[in-house]
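The primary structure of each chain is shown beneath.
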Amino acid sequence: MTCIKRLFSKGPRSKVAWLIGEALTSCRCFHAELVRSLSDDLNKVKYFFSLERRSGCIIKLTFFISQVRHESSALPVVHHSKYVCDLAPNHRFPMGKFPRVLQCLLRDQVITEKQVWVPEIASKDLLSCVHTEDYLDNFINGKISEQEQRRTGFPWSEGIVRRCRYETGGTVLAAEVALQRGLACSTAGGTHHAFPSYGSGFCLLNDLAVAAKYMMDNSPTKRKVLIVDLDVHQGDGTAFIFKEEPSVFTFSVHCGKNFPLRKQQSDLDISVEDGLEDKDYLSTVEAHLPWLLETFCPDLVLYDAGVDPHWEDELGRLRLTDQGLYQRDLFVLKTVVKRGVPIAAVIGGGYSRDIDRLALRHSIVHRAATQVWRECGM
């Protein structure tokens, strides 16, 4: 996180700096008048803060800053133009899908530009809540060995570092916005194969784990986070990271014979057979999500809406249709929202040479979220 002094030291934010200083030096709690004054003073900047108090005094104030088109009351969609980077033309990872997701949502008038929230890049300090110091130093500074690059599937570049950091910042912002608005979606995210000290399977930073850890730690009472991972591949990195953390529950429905070969132990793993179709897949999700919400009682849900269970996916092995994915996303989002639990969705995995078809498939979760937003009167 960027320090308060650096963020608010000059320019149009001077009034904000004074207000924060007054709150901190006098140890007063924030009141509605102060929050309104802060909001009025910031035009195109959106900020979030979490407070820790002791004996009625503020002992810690954490800020997360983002640019935002806050005049819209519709579904918040988090996107950054730097979610992409250059790869070799024949590379298997469909990097071009990220801007196309936003483009097809705008083209089909599912959303407007006013709904787009723009994240800041994830700082090294933020990433260190999950990843080791050595790994972050090596990753950011290009000290990744050829063997490690083969394991991730990506050649190292400054572009890939920047892309992953913006993607992680986007997932954290989506979680923050969901806490405020009830529901938010990013146009990237779901890099659940990254472990604390290494990357794997097209995943270099674990955005879901960083968001969960940040949301858990930066609250007066330790938030409980449920990660619902419906990517076709098990979220092994996420499961490993939170294996001994009772405040985070990892729930994964995945194809048992698919990558990764060596599975980790989630809090609840549902391994399904190759060729599973819409009806049986949806029945599996329906049989577990409601009771998880009732028994674990999360304060926030992070949803990995991977589209690689689709029958056309190059790395999938399941047989879901577009309609099956839509019904899946609609069920998850509506079930969580109707219980009054905030939920942030990321797009997860999806692999196809046809980038336009793939981007349209990834936009299914945003379309389902738009329907939930409308039907639930959010």
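A brief structural summary. Quantities reported herein were computed from a predicted structural model and do not represent experimental measurements.

Ranked by internal contacts, the top residues of the largest apolar core, which has 54 residues, are Leu226, Phe251, Tyr303, Leu333 and Ile343. Considering every element that reaches this core, the biggest residue donor is helix H12 (residues 322–338), with 8 residues. When sequence neighbours within four positions are dropped, the list of residues in contact with Tyr303 reads Val228, Leu230, Arg328, Asp329, Val332, Leu333, Ile343, Ala344, Ala345, Val346 and Val365. The next biggest cluster of nonpolar side chains, apart from the first, holds 50 residues, and it includes Val161, Ala178, Phe202 and Leu300.

Let us look at the packing of aromatic side chains. For any pair of aromatic rings, the description rests on two quantities: the centre-to-centre distance and the angle between the ring planes. In this structure the tally under the stated criterion is 10 aromatic pairs. Consider the rings of Phe195 and Phe240, whose centres lie 5.4 Å apart with planes at 50 degrees: the pair is tilted. Residue Phe195 is located in the loop between strand E5 (183–186) and helix H9 (207–217), and its partner Phe240 is located in helix H10 (residues 236–241); the two are separated by 45 residues in the primary sequence. You can call Phe240 partly exposed: its relative accessible area is 28%. Ring pairs connect the aromatic residues Phe93, Phe98, Phe154, Phe202 and Tyr351, which therefore count as one cluster. One cation-aromatic arrangement involves Lys97 over Tyr351; the distance from NZ or CZ to the ring centre is 5.5 Å. Above the ring of Phe296, the side-chain terminus of Lys224 is found at 4.5 Å from the ring centroid.

The subject of this paragraph is the environment of Tyr214. Looking at where Tyr214 falls in the secondary structure, it is placed in helix H9. With a relative accessible area of 6%, Tyr214 lands in the buried category. When the C-alpha atoms of Tyr214 and Leu126 are compared, they prove to be 7.6 Å apart, with 88 residues separating the residues in sequence.

For the rest of this paragraph, the subject is the environment of His233. As for its position among the elements, His233 is in the loop between strand E6 (225–229) and H10. Residues His233 and Ser271 lie 38 residues apart in sequence; the distance between their C-alpha atoms is 9.7 Å. If we skip the residues at most four places from it in the chain, His233 touches His192, His193, His254, Asn258, Phe259, Asp308, Leu315 and Tyr351.

What follows concerns the environment of Val228. Relative to the elements of secondary structure, Val228 occurs in strand E6. Between the C-alpha atoms of Val228 and Leu302, which are 74 residues apart in sequence, the distance is 6.2 Å. Val228 has contacts with Phe251, Leu289, Val301, Leu302, Tyr303 and Asp304, leaving out every residue within four places of it along the chain.

A separate point is the side chain of Thr335. Position of Thr335 among the secondary structure elements: in helix H12. On the basis of relative accessible area, Thr335 is assigned to the buried category, the value being 9%. Of note is the side chain of Thr335, whose polar atom sits 2.6 Å from the backbone oxygen of Phe331.

Turning our eyes to something else, we now look at the packing of helix H8 (residues 158–181) against H9. Packed helices, taken two at a time, are described by the angle their axes make and the gap between the axes. Relative orientation of the contacting elements H8 and H9 amounts to 40 degrees, with a least axis distance of 8 Å. By the angle between their axes, H8 is oblique relative to H9. Every pair of crossing elements has a handedness; the one defined by H8 and H9 is right-handed. Between H8 and H9, the contacting residues are Thr168, Thr171, Val172, Ala175, Glu176 and Leu179 on the first element and Asp207, Val210, Ala211, Tyr214 and Met215 on the second. Counted by class, the contact of H8 with H9 contains 7 nonpolar, 2 polar and 2 charged residues.

Next up on the list: unusual backbone geometry. Here Phe259 and Pro260 are connected by a cis peptide whose omega angle stands at 0 degrees. Among the secondary structure elements, Pro260 is positioned in the loop between strand E7 (248–255) and strand E8 (268–272). Despite not being glycine, Gln109 shows a phi value in the positive range, around 60 degrees. Checked against the element boundaries, Gln109 lands in the loop between helix H4 (97–107) and strand E4 (116–118).

Scoring rules and cut-offs
- Residues numbered from 1 in each chain as written.
- Predicted model: local features only at pLDDT ≥ 70, side-chain atom pairs only at ≥ 80, totals over all residues.
- Heavy atoms only, no water.
- Core = buried A, V, L, I, M, F, W, Y, C linked by side-chain atoms within 4.5 Å.
- Buried < 20%, exposed > 50% of the residue type's maximum accessible area, 1.4 Å probe, protein only.
- Helix = DSSP H or I, 4+ residues; strand = E, 2+ residues; numbered from the N terminus.
- Contact = heavy atoms within 4.5 Å.
- Phe/Tyr/Trp six-rings, centres within 6.5 Å; stacked < 30°, edge-to-face > 60°.
- Lys NZ or Arg CZ within 6 Å of the ring centre and 35° of its normal.
- Polar contact = N/O pair within 3.5 Å; in protein donor to acceptor, adjacent residues only side chain to side chain.
- Axes fitted to C-alpha atoms, helices over the stretch in contact; angles between N-to-C directions.
- Parallel < 35°, antiparallel > 145°, perpendicular 65-115°, else oblique.
- Left-handed = near helix turned anticlockwise from the far one by under 90°.
- Nonpolar A, V, L, I, M, F, W, Y, C, P; charged D, E, K, R; others polar.

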